[in-house]
Amino acid sequence: MENLSIGDYKLTTIDHFDENMVMHKIKLAYQFRDGFRMHYKRPVYCTNLFFENSTRTKTSFEMAEAKLGLKILDFDVQHSSVSKGETLDDTLLTLQALGVDIAVVRHPQNKFYRSLNPDNSMGLINGGDGSGQHPSQTLLDMFTIYDEFQNFANLKILIAGDLIHSRVAHSNAKLLKKLGAQIFFSGPVEWYGSEFDQLGTYVDIDDVIDQVDVVMLLRIQTERFDASQNDLSVDQYLSKYGLTKQRAEKMKPTAIIMHPAPVNRGTEIEGELVESSASRIFQQMTNGVFMRMAIITDILRTKGLIESEEFNESAN
Ligand code: CP
């Protein structure tokens, strides 16, 4: 197993990822699924700073950290000195001074990591920055797609919904394009951005639903715009832009449905399709734990904290 180069103790974007790097992470995630485990030179400390709410990403990282045998320090943003005006940079410098080895940060500000002190050598994982990127979600989505199709280059992928506000759309489209997939975008035109022009083709969902291999749905990100300015009702949204049962019936028999969740059942997808045989929505969550174990492990390898690695089939 190759190690990452020095400096890769931070995962802030997927911009530098190529196919080799994606496949390295996927193979490592498979290894964790099969019982790979780590031994450390000393206790390793981690914490998770979520400045935006989360069910999946925070709990998934906590599960990955627990399975890896790390010491998890609780960090409650609401009860921290952030309320007294402490900057994110000072918070992270403080955590490093206290001996934390690796932190996961979710923050509403796009590219929050750009304003951080470059001398802070603590491991850092972007758990989602505003409408910027969601690197760990993107890598778990690549794992889920690869697990299904064993390739990316021959796939047609539809990313549908609230594109401009979605960090998942931004990072998934960028990486899928690099991996050779053909990408289509659909949804309200006011939620389509010119940054997607170079990555794929903007279409009506009904024009491609019978051709694509993956239907990747997005949540309407009401926290990122004034929803009262939007005159679309929920019913109209589902029938114009969402995955209805009628549309799902037109999908190829081998096609899958993905959604980063949380899901607005009845808005971007008809409720019962969430548990349909084509849906991989809960599988994405399961895969996410193993991918996050891989992401953390590569950082700990780079930081030289791993003593030895072994397979133990009862580990997971
Ligand atoms: N997919 C995702 O990021 O979900 P959470 O917002 O619940 O973490």
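Residues numbered from 1 in each chain as written. Predicted model: local features only at pLDDT ≥ 70, side-chain atom pairs only at ≥ 80, totals over all residues. Heavy atoms only, no water.

Take the side chain of serine 60 next. Mapping serine 60 onto the fold places it in helix H2 (residues 56-68). For serine 60, the contacting residues outside a window of four places in its chain are Gly288, Val289 and Arg292. (Helix = DSSP H or I, 4+ residues; strand = E, 2+ residues; numbered from the N terminus. Contact = heavy atoms within 4.5 Å.)

Turning to the site of the ligand, a few remarks are in order. The environment of the ligand is made up of Ser54, Thr55, Arg56, Thr57, Arg106, His134, Gln137, Pro260 and Ala261. At a separation of 2.9 Å, an oxygen atom of the ligand approaches a polar side-chain atom of arginine 106. Here a nitrogen atom of the ligand and a backbone polar atom of proline 260 are 2.8 Å apart. Out of a free accessible area of 250 Å², the ligand has 91% covered by protein chains. (Near = heavy atom within 4 Å. Polar contact = N/O pair within 3.5 Å; in protein donor to acceptor, adjacent residues only side chain to side chain. Areas by Shrake-Rupley, 256 points an atom, 1.4 Å probe, with all protein chains shown as cover.)

Within the fold, valine 215 resides in strand E10 (residues 214-217). On the basis of relative accessibility, which here comes to 0%, the residue valine 215 falls in the buried class. Not counting residues within four places of it along the chain, the set of residues in contact with valine 215 comprises Leu158, Ile209, Leu243, Met251, Ile256, Ile257 and Met258. (Buried < 20%, exposed > 50% of the residue type's maximum accessible area, 1.4 Å probe, protein only.)

Every buried residue of helix H3 (residues 88-98) is listed here: Leu88, Asp89, Thr91, Leu92 and Leu95. Considered in projection along H3, the buried side chains sweep an arc of 165° and stay on one side of the axis. Pointing more than 90 degrees away from the buried face of H3 are the exposed residues Ala97 and Leu98. Packed against the buried residues of H3 are strand E3 (45-50), strand E5 (102-107) and strand E6 (123-129). (Arc of directions from axis to C-beta.)

This part covers the nonpolar core. Ile26, Ile145, Phe152 and Ile159 are the most contacted members of the largest nonpolar core, which totals 64 residues. Broken down by element, the residue count for this core peaks at nine residues, all from helix H9 (residues 281-302). Those residues in contact with phenylalanine 152, other than ones at most four positions away along the chain, are Val22, Met23, Ile26, Met142, Ile145, Tyr146, Leu176, Leu179, Gly180 and Ala181. Judged by nonpolar contacts, the second largest core, of 20 residues, contains Ala160, Val208, Met251 and Ala255. (Core = buried A, V, L, I, M, F, W, Y, C linked by side-chain atoms within 4.5 Å.)

At a minimum axis separation of 8 Å, helix H4 (residues 135-149) and H9 run at an interaxial angle of 115°. Between H4 and H9 lies a crossing of right-handed hand. Contact with H4, carried on its side by Ser136, Gln137, Leu139, Leu140, Asp141, Phe143 and Thr144, involves Gln284, Asn287, Gly288, Phe290, Met291, Arg292 and Ile295 of H9 and no other residues of that element. Taken together, the residues that form the contact of H4 with H9 break down as six nonpolar, six polar and two charged. (Axes fitted to C-alpha atoms, helices over the stretch in contact; angles between N-to-C directions. Left-handed = near helix turned anticlockwise from the far one by under 90°. Nonpolar A, V, L, I, M, F, W, Y, C, P; charged D, E, K, R; others polar.)

Throughout the structure, instances matching the rule amount to 13 salt bridges. Put simply, glutamate 52 and arginine 167 hold a salt bridge, and the shortest N to O gap is 3.0 Å. Of the two residues, glutamate 52 is situated in the loop between E3 and H2 and arginine 167 in helix H5 (residues 167-178); the sequence distance between them amounts to 115 residues. Taken individually, glutamate 52 and arginine 167 each receive the classification buried, so the pair is uniform in this respect. Residue arginine 301 pairs with glutamate 309 through a salt bridge whose shortest N-O separation is 2.9 Å. Linked through salt bridges whose partners overlap, the residues forming this network are Lys25, Asp298, Arg301 and Glu309. (Salt bridge = Lys/Arg side-chain N within 4 Å of Asp/Glu carboxyl O.)

At a closest axis distance of 10 Å, the pairing of helix H1 (residues 19-33) and H4 adopts a crossing angle of 80°. Here H4 runs roughly perpendicular to H1, going by the angle between their axes. Residues Val22, Met23, Ile26, Ala29, Tyr30 and Arg33 of H1 pack against Met142, Phe143, Tyr146 and Asp147 of H4. Residues of the contact of H1 with H4, tallied by class, amount to eight nonpolar, no polar and two charged. (Parallel < 35°, antiparallel > 145°, perpendicular 65-115°, else oblique.)

The element E6 is extensively covered by neighbouring structure, given that seven of its seven residues are classed as buried. Relative to E6, strand E1 (residues 10-11) is paired through two bridges, and the arrangement is parallel. Residue lysine 10 lies in a different strand from E6, and its bridge partner there is leucine 124. Strand direction decides the pairing type here: E5 and E6, joined by five bridges, are parallel. Counted as the bridge partner of isoleucine 102 is glycine 123 from E6. (Pairing = 2+ DSSP bridges.)

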